[in-house]
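Structure at a glance
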Amino acid sequence: MTAVAHVVEQTKTSSKPASFWVDALFVPGVILALIVYLSSVSDFFLSSGNLNNLLNQMVLLMLVATGATFVILARELDLSIGAGVALTSVLSASTMAATGSVIAGLLAGLACGLTLGLINGLLVTKLEVPAFVATLGMAVILRGVALSRTDGGIVTGLPSGFTTLATGEFLGLSAITWLMIITVGSLVYVQRQTSFGYRVLAVGGNPEAARLAGISVTRIKILCFMISGLTIALGGLALMTRTQSGQPNGAAALELYAVAAIVMGGTSLFGGRGSVTRTISGVLLIVILQNGLDLYGVGYDQQQIVIGLVFIGAATVDFVRRKLDSRAARRRVRSTLKQARSAKRVAK
Amino acid sequence: MTDRSYGLHDVSHSYGATRVLNDVSITLRSGKVCGLIGQNGAGKSTIVKLLSGAISPTVGSVQVDGVNATLRSPADAKSHGVLTIHQESQLFQDLDVATNIFGVAQQRLPKRFGLIDRHRIRSHATDLLNSLGVDVEVDRPVSTLPLAEQRLVELAAAMATRPAFLLLDEVTASLESAASRVVLDFARRLAAQGTGIAIISHRLAEVQEYCDEVTVVREGALVGSLTKPISQVEMVDLMLGPQGLAEHDLRKTANPDVQSNEVMLDVQTLELPLLGKTINFGLHRCEILGMTGVLGSGATDAVRVIGGALAGDCVATLNGKPFRTGTPLLAKRSGVAFLSGDRRREGIAPDMSIADNMALSSLQKLGRFGRVSRSAVRKLCDSYKVTLSIRMGAPADRITTLSGGNQQKVLIARVLASGPSIIAVDEPTQGVDIGARMQIHLLLREFADRGGAVLVFSSDPEELTNLCDRVLVLEDGEVVDSLTGPELTPNKIALAGVSQAQQPPNFLALDVAGAHNSQGGRP
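Keep in mind it's a predicted model, so treat the numbers as computed, not measured. Each chain carries its own residue numbering, running from 1 in the written order of its sequence. Numbering of ligands from 1 and lettering of chains from A proceed in the order in which they are written. For a predicted model such as this one, the threshold for reporting local features is a pLDDT of at least 70, and the threshold for listing and counting side-chain atom pairs is 80 or more; totals across whole chains, interfaces and linings nevertheless cover every residue. Hydrogens and water molecules were not included; the side-chain quantities draw on all heavy atoms of the structure.

Now for the overall build of chain A. Each helix is a run of DSSP H or I of at least 4 residues and each strand a run of E of at least 2, with the numbering of both proceeding from the N terminus. Counting its secondary structure elements, chain A contains 15 helices and 2 strands. The buried label goes to any residue with under 20% of its type's maximum accessible area, the exposed label to any with over 50%, and the partly exposed label to all in between, with areas taken from a 1.4 Å probe on protein chains only. Burial statistics for chain A: of 348 residues in total, 48% are counted as buried. For chain A, restricting intrachain contacts to residue pairs at least 6 apart in sequence, the fraction spanning at least 24 positions comes to 80%. Of the roughly 16,100 Å² of accessible surface on chain A, 66% is carried by carbon and sulfur atoms. We call two residues in contact when some of their heavy atoms are within 4.5 Å. What sets the accessible areas is the Shrake-Rupley method with a 1.4 Å probe; for residues, cover comes only from the shown protein chains.

Residue and element names in this part refer to chain A. A contiguous nonpolar patch, built from Tyr-37, Val-41, Phe-44, Leu-295 and Tyr-296 and spanning about 490 Å² of accessible area, is present on the exposed surface. Within the element layout of this structure, Leu-295 appears in helix 13 (residues 276–295). Leu-295 gets classed as partly exposed once you look at its relative accessible area, which sits at 30%. Two distance rules govern patches: like charges are joined within 9 Å, and nonpolar side chains (Val, Leu, Ile, Met, Phe, Trp, Tyr) within 5 Å, applied only to residues with over 30% relative accessible area and no salt bridge. By definition here, a salt bridge exists when the distance from a side-chain nitrogen of Lys or Arg to a carboxyl oxygen of Asp or Glu is within 4 Å.

Let us now look at the nonpolar core. Side chains that are nonpolar tend, in soluble globular proteins, to be buried together. In this text, buried Ala, Val, Leu, Ile, Met, Phe, Trp, Tyr and Cys residues form a nonpolar core when linked through side-chain atoms within 4.5 Å. Counting 135 residues, the largest nonpolar core has A:Val85 and B:Met358 as the members making the most contacts within it. Broken down by element, the residue count for this core peaks at 14 residues, all from helix 3 (residues 48–73) of chain A. For A:Val85, the residues in contact, after removing those within four places along its chain, are A:Leu60, A:Val64, A:Ile232, A:Gly235, A:Gly236, A:Leu239, A:Ala251 and A:Leu254. B:Ile37, B:Ile121, B:Leu129 and B:Val153 belong to the second-largest nonpolar core, a separate cluster that totals 55 residues.

Quick look at the packing of helix 3 of chain A against helix 11 (residues 217–243) of chain A now. Residues and elements named next belong to chain A. Viewed as axis vectors pointing N to C, helix 3 and helix 11 meet at an angle of 170 degrees, and their least axial separation amounts to 7 Å. One way to sum up the angle between helix 3 and helix 11 is to call them roughly antiparallel. Contacts between helix 3 and helix 11 involve Asn-56, Gln-57, Val-59, Leu-60, Leu-63, Val-64, Gly-67, Ala-68, Phe-70 and Val-71 from the former and Cys-224, Phe-225, Ile-227, Ser-228, Thr-231, Ile-232, Leu-234, Gly-235, Ala-238, Leu-239 and Arg-242 from the latter. Residue composition of the contact of helix 3 with helix 11, grouped by class: 14 nonpolar, 6 polar and 1 charged. Interaxial angles span 0 to 180 degrees and are taken between N-to-C directions of axes, which are lines fitted to C-alpha atoms, for helices over the stretch in contact. Note on angle classes: values under 35 degrees are labelled roughly parallel, values over 145 roughly antiparallel, values of 65 to 115 roughly perpendicular, and the remainder oblique. Polar here means any residue other than Ala, Val, Leu, Ile, Met, Phe, Trp, Tyr, Cys and Pro, which are nonpolar, and Asp, Glu, Lys and Arg, which are charged; Gly is therefore polar.

Residue and element names in this part refer to chain A. By the secondary structure assignment, Thr-267 is in the loop between helix 12 (254–265) and helix 13. For Thr-267, a relative accessible area of 3% corresponds to the buried category. Sequence-distant contacts of Thr-267, defined by excluding residues within four places in its chain, comprise Thr-69, Ile-72, Leu-73, Ile-262, Arg-273, Gly-274, Ser-275, Arg-278 and Thr-279.

For the rest of this paragraph, the subject is the sheet that holds strand 10 (residues 196–200) of chain B. Adjacent strands of a sheet form backbone hydrogen bonds with each other and so pair up, either parallel or antiparallel. All names here are of chain B. Strand order in this open sheet of 6 strands is 6-9-10-3-11-12, and the pairing throughout is mixed. Each having just a single partner strand, strand 6 (82–85) and strand 12 (221–227) make up the two edges of the open sheet. Each strand axis lies, on average, 20 degrees off the axis of its neighbour in the sheet, ignoring direction. Strands are labelled as partners when DSSP assigns at least two bridges between them. Where strand 3 (residues 33–37) and strand 11 (residues 213–218) come together, 4 bridges link them in parallel fashion. Opposite Cys-34, over in strand 11, you have Glu-213 as the bridge partner. Where helix 5 (residues 147–159) meets the sheet, it contacts strand 6 and strand 9 (165–169), and its direction lies at approximately 170 degrees from that of strand 6. Against the sheet, helix 6 (residues 177–192) engages strand 3, strand 9 and strand 10, with an angle of about 150 degrees to strand 10.

Next up on the list: the confidence of the model for chain B. Any region with low pLDDT has predicted coordinates that should not be read closely. Residue and element names in this part refer to chain B. Scored between 0 and 100, pLDDT is the confidence that the predictor attaches to each residue. With 89% of its residues at a pLDDT of at least 70, chain B reaches an overall mean of 82. For residues 246–251, every residue scores under 50 in pLDDT, and the model assigns this stretch 11 contacts once sequence neighbours within four places are set aside. For the stretch residues 498–523, pLDDT sits under 50, and the model shows 37 contacts to residues farther than four places along the chain or on other chains.

It is worth spelling out the pairing of strand 11 of chain B at this point. Residues in a regular strand project their side chains so that they alternate between the two faces of the sheet. All names here are of chain B. The pairing of strand 11 with strand 12 spans 6 bridges and is antiparallel. Across the sheet, Val-217 pairs through a bridge with Leu-222, a residue of strand 12. Following strand 11, the chain reverses through 2 residues before pairing antiparallel with strand 12; Glu-219 in that reversal takes a positive phi of roughly 50 degrees.

Another point: the environment of A:Leu136. Residues and elements named next belong to chain A. By secondary structure assignment, the location of Leu-136 is in helix 6 (residues 131–150). A residue is classified by how much of its surface remains accessible, and Leu-136, at 38% relative accessible area, is partly exposed. Spatially, the C-alpha atom of Leu-136 lies 7.8 Å from that of Asp-78, the residues being 58 residues apart in sequence. With near-sequence residues (within four places) excluded, Leu-136 lies in contact with Leu-79 and Ala-131.

Turning to the confidence of the model for chain A, a few remarks are in order. A residue-level look at chain A finds 89% of positions with pLDDT of 70 or above and a mean pLDDT of 86. The low-confidence segment residues 1–14 of chain A, where pLDDT is below 50, has 17 contacts with residues more than four positions distant or belonging to other chains.

Let us now look at the pattern of salt bridges. Residues and elements named next belong to chain B. Applying the stated criterion across every chain, the model contains 21 salt bridges over all chains. Between Arg-151 and Glu-154 there is a salt bridge; the shortest N-O distance is 3.0 Å. Residue Arg-151 and its partner Glu-154 are both found in helix 5; the two are separated by 3 residues, about one turn of the helix. By relative accessible area, which is 2% here, Glu-154 ends up buried.

Where helix 8 (residues 175–193) of chain A contacts helix 13 of chain A, the axes come no closer than 9 Å and their chain directions differ by 140 degrees. Where helix 8 of chain A approaches helix 13 of chain A, its residues A:Val184, A:Leu187, A:Val188, A:Gln191 and A:Arg192 are matched on the opposing element by A:Val276, A:Thr277 and A:Ile280.

With that settled, the discussion passes to the packing of aromatic side chains. All names here are of chain A. Geometry of aromatic contacts follows a simple scheme: Phe, Tyr and Trp rings, the Trp one being its six-membered ring, pair when their centres are within 6.5 Å, and the pair is stacked under 30 degrees between planes, edge-to-face over 60, tilted otherwise. Inspection of every chain in the model, using the stated rule, returns 3 aromatic pairs over all chains. Where Phe-70 meets Phe-196, the ring centres are 6.1 Å apart and the plane angle is 25 degrees; that geometry is what we call stacked. Of this pair, Phe-70 sits in helix 3 while Phe-196 sits in helix 9 (residues 195–205); the two residues are 126 residues apart in sequence, bridging distant segments of the chain. Grouping residues by exposure puts Phe-70 and Phe-196 together as buried.

Another point: the sheet that holds strand 16 (residues 314–318) of chain B. All names here are of chain B. Ordered in space as 14-13-16-17, the 4 strands form an open sheet in which the pairing is antiparallel. Since the sheet does not close on itself, it has two edges, and those belong to strand 14 (277–284) and strand 17 (321–322), each with one partner. Strand direction decides the pairing type here: strand 13 (residues 263–272) and strand 16, joined by 5 bridges, are antiparallel. Opposite Leu-270, over in strand 16, you have Cys-314 as the bridge partner.

Most of helix 9 of chain A is tucked away, with 11 of its 11 residues classed as buried. Residues of helix 9 of chain A that are buried make contact with helix 3, helix 8, helix 10 (207–212) and helix 11 of chain A together with helix 12 (354–359) and helix 13 (374–387) of chain B.

Structural data, given as structure tokens:
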């Protein structure tokens, strides 16, 4: 009897199972494969011109998706991203045009995004409006405000000081690329290394347990929405910089691409599991795919079809992972059982 | 009913890297009640999952009447006449009893002119309940029924498909002892009519009383099988194994050497939110104070208000300073940490690692300027792993890889790490096996001995006797008894709450056979 009991022992957990690597490396693997493929079929892909282009293309999505990751990790949702970006660009541009001050314009933009995040957070926590409803409602309102302030047209006439800032480069990278790198770097740090990041995961994983552990769930959720608000504002400023105007119709359906990037990266839509780092790879996948399709001359309309297919395909990774798990387990038990039986036979 | 058998044959099973079952064989027979016991993590719930068809064995086979069968889902098991009732109710809480009976049995709803025939659903359900001797109104939404009646409805509904075997997986876990009896008496009657029953339970007294035969699992293997008459001592010996026994001998944890007369938490008025009444009491330094009472007595609420889990007015001083509560965060800042026995709902963050779960209440201490040092978190985990003897893999493994008892120890570590003056705990060892339970009691005692104090709610008289220095019995929002020293026995605790039993809830009228009325206390 004791011999049997002794056979039951856990295999060492220090070496991660195959499923872990499938989960963690699937998207980066696909990205790598895509890069290898695209650079082999097109000399243009790895040219500095295209790489710069690629970076500028990804700024907007990268900013808002990494910010919104906090909201999703906390088991909430932010659908006001696209409209928020549009309104930020409009408010910031019109402030700049009216006052002639770049600083005032930037501050107006930041204030717009942060206020949006605060309102979203208060609606969801204090009034207990479901995030889907609250942020969708805000999206409709914000788009309406942006359009009515501009009568549907774009806002131009930005001061020349801003134009210099926008076209300026540092170490070969544009201002908005630097904005993206610094922001995303800080967000990765906040999510992985700070107590706030830990608390977000706890709140998303089990809100009641988090509350009873002495975490203010309300405060954490509001802060998550405000982080998303901040990246919405930065996204709006990036949009304005790139187009040199306020765009009331800009960033349409951006929130859906953000959710797609977050989920493709491997963050759970139901909160508690995932990371900002994963979202970065989700964004890279979408943007590189778009860029590659551009190189092939596939139009924007058809690109959407491909991205949709890849999005759904990425969601099946979890299924593959579970299949691998059970197969590996079966193999392991068979071999240990065989050993145990032969050991018994030897004992006899 | 003919004589049938159902069981596992030489089954081994593993989840991921962890092997949980090893060459296990077990057989259920028509008309017999078979018990399955073991500590948490022994492999009990895996056996149930295999028998119910929820998972299929990694190696080995499921046998129906001695012939190998492949079960790919609970529906396959059902086609072989095997039904499982789970610890968590499978009823649709907002639908009425009649509709639920059709839902659980997965029968087609009767229709008339293409529309659902409400009348026939009702009469069908009434007939079924009558034939089984269950007296429940079929029109009531399930959520309005007492828990015991809900369980009966679930059992009755299961019987609608005339299963040959019924697995009862911890069905009495959420019930008080009188209510458990009602349910188990019913199961016993079903067995007398030829159904093969398996009872999986932590409550040894129940197993002893209701089972013809008991199978014991330990560390993934069958370690013995006992037939009537079954002694609890034998069951405990088998469950714990040679190592566990030494710990089991440490019974009473109270430590008279460190008694203190200093009142640490002086509660002048504590309003019980649902009852609208107030109580007052004092909690001494080095004391473990128990609170108990039936559901609705306010005993749980009192502990929860102190812990901040339940909002309620409370005027009190802690170490001479005013004590503020209302939310767990406020209570924590005042020096009280709250711990719940309902780990899944109120304790763990299931996607986070063991170490991260442990660190949740003390993050600000584990780094500076809002940063959390990963190595500090790992060190915290390593040190509590040793002091609380937590059986676990790597600190980075998910918390859900641990058994219930070890999860509870991780949560105790979380509470201890936050450095509280007082721990308020609601059901400290709910769903935890005997070995881990003794260890948890000792941990709480050590905390009190070092100058802390513990306020405990438990519905288990024996646990209160072993753990507490003093027990307050509540009834209808009033403290009706205070037991200490030699007066503190399981029987006294059960008797102190006896006046409620004078008006038995209606479900007791069902069938409480005269033979089964010994009160709560175990030998």
